[in-house]
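Below, each chain spelled out in residue letters.
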Amino acid sequence: MKSTLTRKIIESHLVSGEMKKGQEIKIRVDHTLTQDATGTMCYLEFEALGLDSVKNELAVSYVDHNTVQVGYENFDDHEYLRTVAKNKGVIFSHAGNGICHQVQLESFSRPGKTLLGSDSHTPTSGGIAEIAIGAGGLDVALAMAGLPFNMIYPKVVGIKLSGRLNKGVSAKDVILTVIEHFTVKGNVNSVFEYFGDGVKTLSVPERATICNMGAECGVTFSIFPSDERTLEFLKREGREDEYIPLAPDEGAQYDEIFSLDLSSVHPMIALPHSPGNVRRVKDLEGLKVDQVLIGSCTNSSYEDLYKSAKILEGHIACPDVSLAIAPGSRQVFKMALDNGLISQMVSSGARILESACGFCIGNHQSPGTDSVSLRTNNRNFEGRSGTKSAKVYLVSPETAALSAINGYISDPEGKYDFSSIEVPERYYSDMSTFIFPDGEKCEIKRGPNIGNPPISHAPDDEIDAVLALKVGDKITTDHIMPAGNRLKYRSNIKEYSKYVFEPVDETFSSRCLENKQKGKKNIIVAGLSYGQGSSREHAAICPMYLGVQAVVALSIERIHQANLCNFGILPLIFKNSGDYEKIEQGDEILVKSVHESIRSGNFTLIDKTKNIEIPLVLFASEDQKEMLLLGGRLNMVKGV
Ligand code: MIC
Ligand code: SF4
């Protein structure tokens, strides 16, 4: 059988299961990564497993999300992460080293390996031919314990690239075009595998940008082959000895093929409030912008900064525009300094931000009321920037830089030729800013912000509940568990739980707690694609803390579905989609024979208020059913 690259790498990591689309499989995890916002909970969970040290090949802990440090909470979290890393054999990357996905690509990702990360943009490393998957913190904790990762053998979508990008068009425009085609829903348990002649025209940083935003489509991962461009990148990083060539077999069978001629791609833009609202930049030309931000794990490589600086060279950003640039890593920042790019940007009026997630997660640079913000990051969900009324548009660095000069959205197509940009033969690399474990132990520091990992309980056989909230389609984890100025409560579940669904319904949390006090459970009802976006398991842990027992939806996204199961919340899907309309917020709900229903996968929801019965299907694998009966994954794996 002619194999896809996906099949080859999965085969070499297969622990159990059959490699057939839709089948449950377990794979060995070589590398893991965590970041601080999901990492504290992840290491608390790892500690709860009672292991002395991590068991997988390479584990890295990054501090890149909560670097603002307003109040003591963030610093306390970082100290916990630093000391727990030393004790458990994890490499620690300080705040300032950069955004986890950029740094992982530069320093650790290797062709043919598997990586599990507690961040949804972990697939960025697919740009170097690694199977890189985003997951909840608990799944990553288990991978660090040496346990295999459970996944569904995916539908492999081949994206066949031909041709070459036109002047002024970039990798960001390619992925926005792919997102326009596949949309941001309906791709659960699929992967994107890029192949064809056009692949060799794209560098590893460009491939990484493309893999990064596959996450917006909801695919498990995206992957490129390992070829001469991969070798070129590894040489620049001084890691050429890690190169191996990897490619799908000639004539490999894909479940679906999408052909894309790179020369037909134009500058694209995602309109508020979804990365899926894609249009041509040309159609928006002339729209006045108030803020331009360049950076994030999607577009903060040296090459991205180089292009931005060259476009800005000799110009001053429009005085009405607030322009800021965040290099993706210490490596990128240092090279941009040494090669005069930062100097050019500063001369053009740009503010230089820390190498961190920062603006992308609403930690700072919130735009003004009703303003237009043009950004190179990957998500523009309503309110994620910290300003609900702002309109955030997603574009390439080329579009962003040119628009910053003009003060309005401007199409860079045909204007810039970056086909042969000056990239240093050797990238700056200094591993001394990582802390490598040396086998020595130290005291694990736990400030008052560090709570205990939450405990979930086995479900009762009857659920007496209130339909606490009914929401529509495409509810993101940013709606469920806001980040930005609430991020600092990530290690404190009791405190963070006060903000569940804050952007949608500020009284949700207190209503749930009242129901809980009356001995009732809470149920959430949602439309399509519930739980889009991030991997934050807090979007399951905090609702669990508030007594949420089930989410009933038209569909649920992959990482969030896994997080719900991990924390004992039942992910239920309407058997008949029309039933979604029949039930209302506030209805009294009864679910009987819960244990038997988990085993069979068929539930009946009795709406006592409406006096109707609604059939539901449990969206869970056999392994997840087992953990749901026990009330969550931690109860299943205690003492591994
Ligand atoms: C995001 O981009 O939404 C985040 C913040 O990186 C999240 C992780 C988190 O919520 O901590 C993600 O993508 O998984
Ligand atoms: Fe950080 Fe934004 Fe990337 Fe998430 S999407 S990892 S917040 S830069």
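Just so we're clear, the structure is a prediction, and the values are computed from it rather than from any experiment.

**Q** Give a description of the sheet that holds strand β26 (residues 602-607) that names residues and reports values.
**A** Spatial ordering of the closed barrel is given by β21-β22-β23-β24-β27-β26-β25, a layout of 7 strands whose pairing is mixed. Averaged over all pairs of adjacent strands, the angle between their axes in this sheet comes to 35°, without regard to strand direction. Of the pairings in the sheet, the one linking strand β24 (residues 570-574) to strand β27 (residues 612-618) comprises 3 bridges and is antiparallel in character. Directly across from Ile573, in β27, lies its bridge partner Val617.

**Q** Give me the lowdown on the packing of helix α2 (residues 36-48) against helix α5 (residues 137-144), citing residues and values where you can.
**A** Following both chains from N to C, one finds α2 and α5 inclined at 45°, their axes separated by 8 Å at the closest point. As far as their axial angle goes, α5 and α2 are oblique. Where α2 crosses over α5, the handedness of that crossing is right-handed. Note on element contacts: α5 touches α2 through Gly137, Leu138, Val140, Ala141 and Met144, opposite Cys42, Tyr43, Glu45 and Phe46. The residue inventory of the contact of α2 with α5, partitioned by class, reads 7 nonpolar, 1 polar and 1 charged.

**Q** Residues and numbers for the site of ligand 1, please.
**A** Within the structure, ligand 1 sits among 14 residues, and Asp119, Ser120, Arg490, Ser535 and Arg536 are positioned closest to it. Between ligand 1 and Arg384, the relevant distance is 2.8 Å, taken from an oxygen atom to a side-chain nitrogen or oxygen of the residue. A distance of 2.8 Å is found between an oxygen atom of ligand 1 and a side-chain nitrogen or oxygen belonging to Arg490. The residue makeup of the shell around ligand 1, split by class, is 2 nonpolar, 7 polar and 5 charged.

**Q** How would you explain the pattern of salt bridges if you had to name every residue and give the values?
**A** The final tally for this structure, using the stated rule, is 36 salt bridges. The salt bridge partner of Lys610 is Asp587, with a shortest N-O separation of 3.0 Å. Note that Lys610 is positioned in the loop between β26 and β27 and Asp587 in the loop between β24 and β25 (588-591), a separation of 23 residues in sequence. Note that Asp623 and Arg633 form a salt bridge whose closest N and O atoms lie 3.2 Å from each other. Note that Asp623 is positioned in helix α21 (residues 622-630) and Arg633 in helix α22 (residues 633-637), a separation of 10 residues in sequence. No difference in accessibility class separates Asp623 from Arg633, as the two residues are buried. One salt-bridge network, in which partners are shared between bridges, spans Asp464, Lys520, Glu588 and Lys608.

**Q** Quick rundown of the packing of aromatic side chains? Include the residues and the values.
**A** The full count for this structure, using the stated rule, is 12 aromatic pairs. For the pair Phe108 and Phe434, a centre-to-centre distance of 5.3 Å together with 75° between the ring planes defines the contact as edge-to-face. Of this pair, Phe108 sits in the loop between α4 (100-107) and β6 (114-117) while Phe434 is found in strand β20 (residues 434-435), placing the two residues 326 residues apart along the sequence. Classification of Phe434 by relative accessible area gives buried; the value is 8%. For the pair Phe182 and Phe258, a centre-to-centre distance of 5.5 Å together with 85° between the ring planes defines the contact as edge-to-face. Of the two residues, Phe182 is situated in helix α6 (residues 171-182) and Phe258 in strand β12 (residues 256-261); the sequence distance between them amounts to 76 residues. Of the two residues examined, Phe182 and Phe258, each falls in the buried class.

**Q** Quick rundown of the packing of helix α7 (residues 204-212) against helix α9 (residues 228-236)? Include the residues and the values.
**A** Relative orientation and spacing of two packed helices are given, respectively, by the angle between their axes and the distance between those axes. For the pair α7 and α9, interaxial distance at closest approach is 9 Å and the crossing angle is 110°. Taken together, the axes of α7 and α9 are roughly perpendicular relative to one another. Across the interface between the two elements, Val204, Pro205 and Arg207 of α7 pack against Arg229, Thr230 and Phe233 of α9. Its residues assigned to classes, the contact of α7 with α9 shows 3 nonpolar, 1 polar and 2 charged.

**Q** Describe the nonpolar core, and please don't skip the residues or the numbers.
**A** Looking at soluble globular proteins, one finds that nonpolar side chains tend to be buried together. Core analysis: the largest hydrophobic core is formed by 81 residues, its most contacted members being Phe501, Phe508 and Tyr530. The biggest single contributor to this core is α5, with 6 residues. Apart from the residues within four sequence positions on either side, Tyr530 is in contact with Val471, Ile475, Ile480, Phe501, Ile524, Val551, Ala553, Ser555, Ile556, Glu557 and His560. Leu305, Ala309, Cys318 and Phe418 belong to the second largest nonpolar core, which has 46 residues in total.

Thresholds, definitions, all that
- Residues numbered from 1 in each chain as written.
- Chains lettered and ligands numbered in written order.
- Predicted model: local features only at pLDDT ≥ 70, side-chain atom pairs only at ≥ 80, totals over all residues.
- Heavy atoms only, no water.
- Pairing = 2+ DSSP bridges.
- Helix = DSSP H or I, 4+ residues; strand = E, 2+ residues; numbered from the N terminus.
- Axes fitted to C-alpha atoms, helices over the stretch in contact; angles between N-to-C directions.
- Parallel < 35°, antiparallel > 145°, perpendicular 65-115°, else oblique.
- Left-handed = near helix turned anticlockwise from the far one by under 90°.
- Contact = heavy atoms within 4.5 Å.
- Nonpolar A, V, L, I, M, F, W, Y, C, P; charged D, E, K, R; others polar.
- Near = heavy atom within 4 Å.
- Polar contact = N/O pair within 3.5 Å; in protein donor to acceptor, adjacent residues only side chain to side chain.
- Salt bridge = Lys/Arg side-chain N within 4 Å of Asp/Glu carboxyl O.
- Buried < 20%, exposed > 50% of the residue type's maximum accessible area, 1.4 Å probe, protein only.
- Phe/Tyr/Trp six-rings, centres within 6.5 Å; stacked < 30°, edge-to-face > 60°.
- Core = buried A, V, L, I, M, F, W, Y, C linked by side-chain atoms within 4.5 Å.

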